[in-house]
Amino acid sequence: MAPIDKLIAIMRRLRDPQGGCPWDIEQSFETIAPYTIEEAYEVAGAIEDKDWPGLKEELGDLLLQVVYHARMAEERKLFDFHDVVDAISAKMIARHPHVFADAKVADAAAQTVAWEEIKRRERAAKPAPKDAGGLLDDVTRALPALLRAEKLQKRMASVGFDWDSPERVLDKIAEEAGEIVEAHREGASQAEIEGEIGDLLFVVANLARHLKVDPEAALRTTNAKVVRRFKWIESALEAQGRSTADATLEEMEALWQQAKTEA
């Protein structure tokens, strides 16, 4: 039995109403979806940590999610795992005509442009859902907010609705930051302040796109840096026989400045 067929058989057995696992039998697309998202993040985490043995395990966990969803779809007679494989194989061949056909691309940047154009044609060829007809309607709401902001911006940029330079975006960032300051000083409601902060984050994501920076990756890097530096502060205080609970804000700020050069 091929390894993938073995995994498919395991999932079929787990979902078998006669003798399968009670927990697995009870699950649905909706209940499994959060685990699918979590496993994708754990793959990204293993890559970020350069944990290659861990990456092998996390990729297996993510593959299990695909097999799980495919099995539930097969039970409903929608499609099965092999249909999933056939669909992605056909998509990859169609989106790489410079590899599998006679199209030509000059470089990776040109391929990115061609890829987006192929995706645009694919979207245009799909029957639109009854409640959808706009350019942004099929950008899934399940994405992390920063990633979805970037995808919305790319989609709008594809029809020319975009700033023409990073400098214009920087001006907008200053404007949005000023609106937050003004809202706070004028005692705006929590909902209004939330809206202003959301506007600023959306524009920051746009700046990242213009500068060819992945905003999710940038924030993950900063999160890791903050954790590293705060651990340095904790260690420095521990060496003094103290803890963060004993330190003043001014002391921790001074240690933070040291951590910036040490950690």
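The model shown is predicted, which means the values in this text are computed figures rather than measured ones.

Cut-offs applied
- Residues numbered from 1 in each chain as written.
- Predicted model: local features only at pLDDT ≥ 70, side-chain atom pairs only at ≥ 80, totals over all residues.
- Heavy atoms only, no water.
- Helix = DSSP H or I, 4+ residues; strand = E, 2+ residues; numbered from the N terminus.
- Rg over C-alpha atoms; globule rule 2.2 N^0.38 Å.
- Areas by Shrake-Rupley, 256 points an atom, 1.4 Å probe, with all protein chains shown as cover.
- Lys, Arg positive; Asp, Glu negative; His and termini not counted.
- Charge placed at Lys NZ, Arg CZ, Asp CG, Glu CD.
- Buried < 20%, exposed > 50% of the residue type's maximum accessible area, 1.4 Å probe, protein only.
- Polar contact = N/O pair within 3.5 Å; in protein donor to acceptor, adjacent residues only side chain to side chain.
- Contact = heavy atoms within 4.5 Å.
- Salt bridge = Lys/Arg side-chain N within 4 Å of Asp/Glu carboxyl O.

A. Here's a closer look at the overall build of the chain. Along the chain, the regular secondary structure elements total 12 helices and zero strands. In the chain, the order of α-helices and β-strands from amino to carboxyl end is α-α-α-α-α-α-α-α-α-α-α-α. Taken over the C-alpha trace, the chain has a radius of gyration of 24 Å; the compact-globule value for 263 residues is 18 Å, which it surpasses by more than 25%. The C-alpha extent of the chain, read off along each of the three principal axes, is 65 × 50 × 45 Å. Surface exposure of the chain reaches about 17900 Å², of which carbon and sulfur atoms provide 59%. Each charge class in the chain was averaged separately, 35 positive and 50 negative side chains, and the resulting centres sit 6 Å apart.

B. Main features of the side chain of R155. The topology assignment puts R155 in helix α8 (residues 145–157). Exposure remark for R155: the relative accessible area of 13% places this residue in the buried category. Reaching out from R155, the side chain makes a polar contact with the side chain of D138 at a distance of 2.7 Å. Once residues within four sequence positions are removed from consideration, R155 is found in contact with R123, L135, L136, D138 and V139.

C. Structural view of the side chain of R229. Considering the arrangement of structural elements, one finds R229 in helix α11 (residues 215–239). At 9.6 Å, E253 is the nearest oppositely charged side chain to R229, a buried residue that forms no salt bridge. When residues no more than four places from it in sequence are discounted, the contact partners of R229 are W256, A259, K260 and A263.

Note that every value here comes from positions in space, so none of it alone points to a role or purpose.
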